[in-house]
Amino acid sequence: MSALVVVAGATGNLGGRIARALRERGADVVAPVRPGTARERLAPLCALGATVVPVDLRDGSGLARAIAGASCVVSALNGLGDVIVEAQTALLDAAVAAGVPRFVPSDYSIDFTRLPPGRNRNLDLRREFHGRLEDRAIAATTVFCGAFADLLAGRMPLVLFKRRRVLYWSDADLRMDFTTAADTAAFTACAALDPSTPRFLRIAGDRLSARELAAVATGVTGESFRVLRAGSLGMLGALIAVARAVAPGRGEPFPAWQGMQYLRDMFDGRARLAPLDNDRYPGLRWTRARDVLMAREAARRGRP
Ligand SMILES: NC(=O)c1ccc[n+]([C@@H]2O[C@H](COP(=O)([O-])OP(=O)(O)OC[C@H]3O[C@@H](n4cnc5c(N)ncnc54)[C@H](OP(=O)(O)O)[C@@H]3O)[C@@H](O)[C@H]2O)c1
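Since this is a predicted model, take the numbers as computed values, not measurements. (Residues numbered from 1 in each chain as written. Predicted model: local features only at pLDDT ≥ 70, side-chain atom pairs only at ≥ 80, totals over all residues. Heavy atoms only, no water.)

Engineer: Please set out unusual backbone geometry residue by residue, giving values where relevant.
Structural biologist: Look at the link from Ala274 to Pro275: it is a cis peptide, with omega at -10°. Along the polypeptide, Pro275 turns up in the loop between helix H9 (256-268) and helix H10 (289-300). A positive phi angle is found at Ser170, which is not glycine, with a value near 70°. (Helix = DSSP H or I, 4+ residues; strand = E, 2+ residues; numbered from the N terminus.)

So, in structure tokens, the structure goes:
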């Protein structure tokens, strides 16, 4: 009999990839989705052969019925406190009520257990949820993956393609962890199907410093990239406070200052991932930063 895994947040980027990776590994997938979700948004999940169940996460008994018989609930929900703390707690309680033995919370980040609380809003929400998770009679496994390497292609203000610079704060040689969303999803699917996972798993498709990123960008584009010191971590902290006051972005999961908090915590070094669990499952291929930048370059030049 195939394993049955629940993926919450399967209409999203990472959740959809996890659902696909689970189906590729022969698992049955149940995807609870918000009632009223447009049919075209569900079509990719239906095409995968996932069982889509419209149910409000606050409907505890309906949710528990939908997920009964699963061996693991994987959360790829995204949002602020109402989602990461409250909706995930509803999902967690339904998993416990339905007798599901394992839960993967929506963490997929740098290792915030090694950072003090109060310095990164989104990571604090995940920390708060962990407090509830540790209280429940269910085994939990977090997947830490560093930053999504996909963000290096532009959305993360680290590689400045037009200026041919790679920004750094304090230390151009401090290595940081990057994993693509696809590789994170493949590993998470393996972990969801593995009954003997520890509390924390750590993966990094690539780890490189600002200086190494500049060398990769130079090799890929043929243009000379150099590192540019943006300032000290203390200065970045002060800038975050200003950005947060000027453009608070209330209700937004990812305002500019939140991205700056992630950058500060990556350049801080304490949240680096070690030891790595990359080799835990055979057959996984890790995408390097070079592959991400090469795909960007090919798209820019109009090649597939
Ligand atoms: N390490 C990194 O660099 C990095 C980068 C990006 C994301 N992540 C992490 O990856 C995880 C998933 O992020 P993502 O980018 O895949 O998110 P996403 O694309 O925004 O998808 C979020 C999912 O959560 C669902 N959702 C949100 N609120 C809900 C609610 N109240 N009830 C039911 N469903 C709800 C959404 O449903 P609807 O479709 O109905 O809205 C969607 O399926 C998060 O933990 C995020 O922090 C990490």
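Engineer: Which residues make up the sheet that holds strand E6 (residues 139-140), and what values go with them?
Structural biologist: The sheet built from 6 strands is open, its strands ordered E3-E2-E1-E4-E5-E6 with parallel pairing. The outermost strands of the open sheet, each flanked by one partner alone, are strand E3 (51-54) and E6. (Pairing = 2+ DSSP bridges.)

Engineer: Give a description of the site of the ligand that names residues and reports values.
Structural biologist: Around the ligand, the structure places 20 residues, and the nearest of them are Thr11, Leu14, Arg41, Ser106 and Phe148. In the model, an oxygen atom of the ligand is placed 2.7 Å from a nitrogen or oxygen of the Ser106 side chain. In isolation the ligand has 920 Å² of accessible area, and contact with the protein removes 77% of it. Looking at the shell around the ligand residue by residue, the class counts come to 9 nonpolar, 7 polar and 4 charged. (Near = heavy atom within 4 Å. Polar contact = N/O pair within 3.5 Å; in protein donor to acceptor, adjacent residues only side chain to side chain. Areas by Shrake-Rupley, 256 points an atom, 1.4 Å probe, with all protein chains shown as cover. Nonpolar A, V, L, I, M, F, W, Y, C, P; charged D, E, K, R; others polar.)

Engineer: Residues and numbers for the pattern of salt bridges, please.
Structural biologist: Considering all chains together, one arrives at 20 salt bridges under this definition. A salt bridge links Glu134 to Arg199, with the shortest nitrogen-to-oxygen separation between them at 3.2 Å. Residue Glu134 is found in helix H5 (residues 121-135), and its partner Arg199 is found in the loop between helix H6 (181-192) and strand E12 (200-202); the two are separated by 65 residues along the sequence. Shared partners join several salt bridges into a network, and the residues in it are Arg119, Arg264, Asp265, Asp268 and Arg270. (Salt bridge = Lys/Arg side-chain N within 4 Å of Asp/Glu carboxyl O.)

Engineer: An account of the state of the cysteines is needed here, citing residue identities and associated values.
Structural biologist: The full count for this structure, using the stated rule, is 0 disulfides. As a non-bridged cysteine, Cys72 has Cys190 as the owner of its nearest cysteine sulfur, 12 Å distant. Using a relative accessible area of 12% as the deciding quantity, one classes Cys190 as buried. (Disulfide = S-S within 2.5 Å. Buried < 20%, exposed > 50% of the residue type's maximum accessible area, 1.4 Å probe, protein only.)

Engineer: How would you sum up the nonpolar core? Please name residues and give values.
Structural biologist: Counting residues in hydrophobic clusters, the biggest one holds 41 residues, and the most contacted among them are Leu152, Met156, Leu158, Val159, Phe178 and Leu213. Within the residue set of this core, elements represented by two or more residues are strand E10 (165-169), strand E11 (176-179), helix H7 (210-221), helix H8 (233-246), H9 and H10. When neighbours within four sequence positions are excluded, Val159 is seen to be in contact with Leu152, Arg165, Val166, Leu213, Ala217 and Phe225. Listed in part, the 37 residues of the second largest apolar core include Leu48, Ala50, Ala76 and Ala192. (Core = buried A, V, L, I, M, F, W, Y, C linked by side-chain atoms within 4.5 Å. Contact = heavy atoms within 4.5 Å.)

Engineer: Talk me through empty space enclosed by the protein; I want residue IDs and the actual numbers.
Structural biologist: Across all of its chains, the model carries 1 cavity of 30 Å³ or more by this definition. Each pocket or cavity is described by its volume, and for the largest cavity that value is around 50 Å³. Ile110, Met176, Asp177, Asp265, Met266, Gly269, Ala271 and Arg272 together form the lining of the largest cavity. Elements supplying a minimum of two residues to the lining of the largest cavity: E11 and H9. Partitioning the lining of the largest cavity into residue classes produces 4 nonpolar, 1 polar and 3 charged. (1 Å grid on protein atoms, 1.4 Å probe; cavity = no way out; pocket = protein on both sides within 12 Å on 5 of 7 lines; lining within 4 Å. Points joined across faces, edges and corners; volume = space filled by probe spheres on them.)

Engineer: Before we move on, could you go through the sheet that holds E11 and cite the residues and values that matter?
Structural biologist: Strand pairing in a sheet takes place through backbone hydrogen bonds and is either antiparallel or parallel in direction. Spatially, the 3 strands line up as an open sheet ordered E8-E11-E13, and their pairing is mixed. Sheet topology places strand E8 (147-148) and strand E13 (206-208) at the edges, where each strand pairs with a single neighbour. The pairing of E11 with E13 spans 3 bridges and is classified as antiparallel. Bridge assignment links Met176 to a residue of E13, and that residue is Leu208.

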